[in-house]
Amino acid sequence: MAPEGMVNAVCVDVIDVGQAMGLAPDKLGRYIVPSKNKAHKAKARCKWVFELEARMEDGRPFTQYIDMPASLYKPEPGQTGQTAKMRDQLDNWGIKLPEDLGKVDLTALLLGQQATLRIKHEPDAKGRIWANISTINPSTATVEPSGEWDSDVARKRIKDRALQDTISDVVGAVKSDTDDNDVPF
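Residues numbered from 1 in each chain as written. Predicted model: local features only at pLDDT ≥ 70, side-chain atom pairs only at ≥ 80, totals over all residues. Heavy atoms only, no water.

A. Up close: the overall build of the protein. Assigned secondary structure in the protein consists of four helices and six strands. Scanning the protein from its N terminus toward the C terminus, one meets helices and strands in the order β-α-β-β-β-α-α-β-β-α. Considering the protein as a whole, with its 185 residues, one finds that 28% of them fall into the buried category. Within the protein, counting contacts between residues at least 6 apart in sequence, those at least 24 apart form 56% of the total. Summing over all exposed atoms, the protein offers an accessible surface of approximately 12300 Å²; the carbon and sulfur share of this is 51%. (Helix = DSSP H or I, 4+ residues; strand = E, 2+ residues; numbered from the N terminus. Buried < 20%, exposed > 50% of the residue type's maximum accessible area, 1.4 Å probe, protein only. Contact = heavy atoms within 4.5 Å. Areas by Shrake-Rupley, 256 points an atom, 1.4 Å probe, with all protein chains shown as cover.)

Rendered as structure tokens:
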């Protein structure tokens, strides 16, 4: 688990989660990811991956990611609503967005950018402790990417997990729709 606190890092990958899952784009070109919570709408999601200055016992750098809805919404004066998490993180980080937000290439903007991450150790509902990025700030330190991060493997892992979740959902639905006397086929 990555160390808690302020840690220098470098962005080594920007992943469109829906595209990595193999989903087809909608009519606006977004890769909409279904929510695990059935009460929430599907959203385009993005994952930023960082290599940390801190090293594991074997000398490899820790990697840490933040996953969030891919929205750059920021209310104008007089508008209601909340600034999107992605926009808020970019603003904190000091990343300057182009005037035309319809043509933002996050990979070009973020890959190789230095950052100071605030990592918090937080429990989940099952009591497991996770290291989560709470904020991304500018960094004056330089962290060189190790070259060990494999983008293709990361995208394959995302796709495999999505497929496994889909299979689990289908099997769970079949089991809940049948009783001991029913034959599902």
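There's plenty left to go through after this.
B. Up close: the pattern of salt bridges. Under the counting rule described, the total for this entry stands at eight salt bridges. Where Asp-124 meets Arg-128, a salt bridge forms, and the shortest distance between an N and an O atom there is 2.8 Å. We classify Asp-124 as partly exposed; its relative accessible area is 24%. Relative accessible area serves as the criterion here: at 42%, Arg-128 is assigned to the partly exposed category. Here Asp-160 and Lys-156 are joined by a salt bridge, their closest N and O atoms 2.8 Å apart. Note that Asp-160 and Lys-156 are positioned in helix α4 (residues 151-177) at a spacing of four residues, about one turn of the helix. (Salt bridge = Lys/Arg side-chain N within 4 Å of Asp/Glu carboxyl O.)

C. Quick look at the side chain of Thr-116. Tracing the sequence through the fold places Thr-116 in strand β5 (residues 114-123). Note on Thr-116: relative accessible area 13%, which makes it buried. Among the polar contacts listed, one links the side chain of Thr-116 to the backbone oxygen of Pro-138, at a separation of 3.4 Å. There is a polar contact of 3.5 Å between the side chain of Thr-116 and the side chain of Ser-139. In this structure, Thr-116 is in contact with Met-6, Val-7, Asn-8, Thr-135, Ile-136, Asn-137, Pro-138 and Ser-139, ignoring residues within four places of it in sequence. (Polar contact = N/O pair within 3.5 Å; in protein donor to acceptor, adjacent residues only side chain to side chain.)

D. Representation of the state of the cysteines within the structure. In this structure the tally under the stated criterion is zero disulfides. No disulfide involves Cys-11; its sulfur sits 8.8 Å from the nearest other cysteine sulfur, which is in Cys-46. Exposure remark for Cys-11: the relative accessible area of 1% places this residue in the buried category. (Disulfide = S-S within 2.5 Å.)

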